Amino acid sequence: MKQPAYKSHIEAIQCYEPGKPIEEVQRELGLRNVIKLASNENPLGPSKKVIAAIQKAGRSVHLYPDGGMFRLKKALAKYHEVKPSEIIVGNGSNEIIELLVHGFIEPGDAVVSSDLTFLVYPLATQAAGGKYIHLPMKNFRYDLRALAKAVSVKTRLVFIANPNNPTGSYVSQEELDRFIDSTPPNVIICLDEAYVDFTDAKDFPRSLDYIKKKRRQNVVLLRTFSKSFGLAGLRLGYGLANETLIGYLHKIRQPFNVNSVAQAAGEAALADTAYLSQTRNIVLQGRNFLESQFRGLGLYYVPSQANFVLVCVKKNAREIFQKLLKRGVIVRDMRAYGLNEWIRVTVGKPAENRLFVRELKKIL
Ligand code: PMP
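Residues numbered from 1 in each chain as written. Predicted model: local features only at pLDDT ≥ 70, side-chain atom pairs only at ≥ 80, totals over all residues. Heavy atoms only, no water.

*Asks:* Could you give me a rundown of the packing of helix α5 (residues 93-104) against helix α10 (residues 243-250), with the residues and numbers involved?
*Replies:* As a packed pair, α5 and α10 sit with axes 10 Å apart at the nearest point and diverge in direction by 90°. Regarding the angle of α5 to α10, the classification is roughly perpendicular. Contacts from Leu99, Leu100, Gly103 and Phe104 of α5 reach α10 at Leu245, Tyr248 and Leu249. Counted by class, the contact of α5 with α10 contains 6 nonpolar, 1 polar and no charged residues. (Axes fitted to C-alpha atoms, helices over the stretch in contact; angles between N-to-C directions. Helix = DSSP H or I, 4+ residues; strand = E, 2+ residues; numbered from the N terminus. Parallel < 35°, antiparallel > 145°, perpendicular 65-115°, else oblique. Contact = heavy atoms within 4.5 Å. Nonpolar A, V, L, I, M, F, W, Y, C, P; charged D, E, K, R; others polar.)

What follows is the structure, given as structure tokens:
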């Protein structure tokens with residue numbers, strides 16, 4: 001019988017499994033009080049200034065958005081001291097990942113990254129028929145020497161999440177400089193900095209310099225409004241690179257890929273510096289709290305530069321996840337990565353962090 005021409009490399013894809021939404025857990029388990037520490041969202045809720053901007057933008061939703069995103073790109077250009085032509089905005093930074101793969105990967109081309117990193121890199125690569133080469137990590141950190149060796153004539157793209165999800169670890173300025181120097185200029189190096197606003201390590205790379213000062217033609221930075229700016233539900237992220245590369249990506253995005261409400265919210269979020277510093281404070285304090293509690297419990301964890309911590313619970317993580325769920329705490333179990341005794345917990349508000357630790361202690 002004739003059937004649609006399903007592609008085998010797309011049929012083989014395992015769908016991405018997002019963190020469980022609060023409502024779903026309430027519905028399925030009949031719970032009233034549920035906290036979500038599963039998707040690295042902002043514990044503060046949205047900024048008041050952003051809510052006001054969203055309400056205002058709501059009055060114009062009968063009109064198409066500004067496809068050129070003039071105002072938001074101008075605000076971003078000012079924020080990062082780059083030119084608007086060096087920015088591409090997307091429906092989440094996820095979209096920029098897809099544009100990069102779409103723009104540069106043909107069937108058989110290779111994408112290089114690590115095995116314990118953001119699952120959208122392999123998904124996007126597989127969808128394009130590319131070959132995803134994932135190197136083992138070293139002590140839960142990207143092994144950039146191994147990545148450099150794995151780059152071949154087939155390699156078009158390298159993804160480095162820094163800080164990395166789900167480990168929270170980071171690569172240093174020196175490691176990254178060495179890697180970039182040793183990588184052929186025709187290979188695009190995508191530095192995905194979704195969690196950059198939560199870093200405090202002295203040797204964390206000053207990545208904007210690769211674009212602004214060193215003028216690297218093959219470096220792309222990814223940033224998002226989903227984490228530190230608290231706009232995960234609106235889907236807003238962007239890429240920074242040289243004009244030529246950005247211009248190339250613009251050719252393949254949808255004409256109206258970012259909605260008008262998200263554009264207005266992004267602009268307001270950039271201006272609300274008090275919200276950003278409050279977020280940073282609450283996350284850094286909460287991260288310290290969680291890490292010190294894990295030390296107290298004798299649990300191994302990966303020191304984090306992000307707004308989550310990866311911790312080994314020394315028991316079947318799926319069971320721990322289910323037990324926490326029944327107690328109204330949603331975390332992420334790490335089976336998708338083959339880490340069967342590990343969970344990833346997002347830093348919440350102080351009371352949420354305490355509740356999580358209390359319930360975890362009871363279960364363990
Ligand atoms: N990169 C990394 C490393 C992430 O963890 C995430 C979100 N989970 C993203 C990109 C995508 O973020 P968004 O599409 O919400 O901007």
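*Asks:* Hey, could you go over the sheet that holds strand β3 (residues 110-114) for me, with residue numbers and the actual values?
*Replies:* Across a sheet, paired strands are connected by hydrogen bonds in the backbone, their directions being either parallel or antiparallel. If you walk across this open sheet you meet the 7 strands as β2-β8-β7-β6-β5-β3-β4, and the pairing is mixed. What marks the edges here is a single partner per strand, and that holds for β2 (87-90) and β4 (131-135). Geometrically, the sheet is characterised by an average inter-axis angle of 20° between neighbouring strands, direction not taken into account. Sheet topology places β3 next to β4; 5 bridges connect them, and they run parallel. Bridge pairing links Val111 to Tyr132 in β4. (Pairing = 2+ DSSP bridges.)

*Asks:* Tell me what's going on with the site of the ligand, and back it up with residues and numbers.
*Replies:* In the region of the ligand, the neighbouring residues are Gly92, Ser93, Asn94, Phe118, Asn165, Asp192, Ala194, Tyr195, Thr224, Ser226, Lys227 and Arg235. Between the ligand and Thr224, the relevant distance is 2.5 Å, taken from an oxygen atom to a side-chain nitrogen or oxygen of the residue. Here Arg235 contributes a side-chain N or O atom positioned 2.7 Å from an oxygen atom of the ligand. Protein chains shield 93% of the accessible area of the ligand, which is 400 Å² for the free molecule. Here the shell around the ligand is composed, by residue class, of 3 nonpolar, 6 polar and 3 charged. (Near = heavy atom within 4 Å. Polar contact = N/O pair within 3.5 Å; in protein donor to acceptor, adjacent residues only side chain to side chain. Areas by Shrake-Rupley, 256 points an atom, 1.4 Å probe, with all protein chains shown as cover.)

*Asks:* Report on the nonpolar core, specifying residues and quantitative values.
*Replies:* Counting residues in hydrophobic clusters, the biggest one holds 76 residues, and the most contacted among them are Val89, Tyr142, Leu147, Phe159, Ile160 and Phe225. The two domains that each donate at least three residues to this core are domain 1 (8-36 + 274-363) and domain 2 (48-272). Setting aside its immediate chain neighbours within four residues, Tyr142 contacts Ser113, Ser114, Thr117, Tyr121, Met137, Leu147, Phe159, Ile160, Ala161, Asn164 and Val171. Counting residues in hydrophobic clusters, the runner-up holds 27 residues, among them Leu290, Val309, Val313 and Ile320. (Core = buried A, V, L, I, M, F, W, Y, C linked by side-chain atoms within 4.5 Å. Buried < 20%, exposed > 50% of the residue type's maximum accessible area, 1.4 Å probe, protein only. Domains from an automatic or database assignment.)

*Asks:* Lay out helix α6 (residues 120-127) in plain terms, naming residues and giving numbers.
*Replies:* Where burial is concerned, most of α6 is hidden: 6 out of the 8 residues are buried. The positive-phi residue at the C-terminal boundary of α6 is Gly129, with phi of around 80°.

*Asks:* So what about the pairing of strand β9 (residues 308-312)? Which residues, and what values?
*Replies:* Buried residues dominate β9, accounting for 5 of its 5 residues. Relative to strand β12 (residues 342-346), β9 is paired through 5 bridges, and the arrangement is antiparallel. Each bridged residue has a counterpart across the sheet, and for Leu310 the counterpart in β12 is Arg344.

*Asks:* A description of the packing of aromatic side chains should follow, citing residues and the corresponding values.
*Replies:* Each aromatic ring pair is summarised here by two numbers: the centre-to-centre distance and the angle between the ring planes. With the rule as written, the count across this model stands at 14 aromatic pairs. Taking 6.5 Å as the distance between ring centres and 40° as the angle between the ring planes, the aromatic pair formed by Phe140 and Tyr300 counts as tilted. Of this pair, Phe140 sits in the loop between β4 and α7 (144-150) while Tyr300 sits in the loop between α12 (273-296) and β9, placing them 160 residues apart in sequence. Here Phe140 falls in the buried class, since its relative accessible area comes to 18%. Here Phe294 and Phe356 contribute two aromatic rings whose centre-to-centre distance is 6.3 Å and whose plane-to-plane angle is 90°, an arrangement assigned as edge-to-face. Pair noted here: Phe294 is in helix α12 and Phe356 is in helix α14 (residues 350-363), with a separation of 62 residues, a long-range link. Residue Phe294 is classed as buried on the basis of its relative accessible area, which comes to 0%. With relative accessibility at 0%, the residue Phe356 sits in the buried group. (Phe/Tyr/Trp six-rings, centres within 6.5 Å; stacked < 30°, edge-to-face > 60°.)

*Asks:* Give a detailed account of the pairing of strand β6 (residues 188-192), specifying residues and quantitative values.
*Replies:* β6 sits mainly inside the fold: 5 of its 5 residues count as buried. Alternating positions in β6 separate into two faces, Ile188, Cys190 and Asp192 on one and Ile189 and Leu191 on the other, with burial throughout. One ladder, built from 5 bridges, connects strand β5 (residues 155-161) with β6; its direction is parallel. Bridge assignment links Val158 to a residue of β6, and that residue is Ile189. Handedness of the crossover joining β5 and β6 through helix α8 (residues 173-182): right-handed. Pairing analysis gives 4 bridges linking β6 to strand β7 (residues 219-224), with the strands arranged parallel. Following the sheet pairing, Leu191 is matched in β7 by Leu221. (Right-handed = clockwise from strand over helix to strand, strands pointing away.)

*Asks:* Can you break down the domain arrangement of the chain residue by residue, with the values?
*Replies:* Looking at the assigned domains, one finds that the chain contains domain 1 (8-36 + 274-363) and domain 2 (48-272). Taken together, the contact between domain 1 and domain 2 spans 29 residues of the former and 31 residues of the latter. For the pair domain 1 and domain 2, the summed buried surface comes to about 2,500 Å²; carbon and sulfur atoms form 64% of the total. Taken together, the connections running from domain 1 to domain 2 amount to 1 salt bridge. (Buried area = accessible area lost by both parts, 1.4 Å probe. Salt bridge = Lys/Arg side-chain N within 4 Å of Asp/Glu carboxyl O.)

*Asks:* Go over the side chain of Asp209 with me, naming the residues and quoting the values.
*Replies:* Secondary-structure assignment places Asp209 in helix α9 (residues 208-212). On the accessibility criterion, Asp209 (15% relative accessible area) is buried. When sequence neighbours within four positions are dropped, the list of residues in contact with Asp209 reads Lys214 and Arg215.

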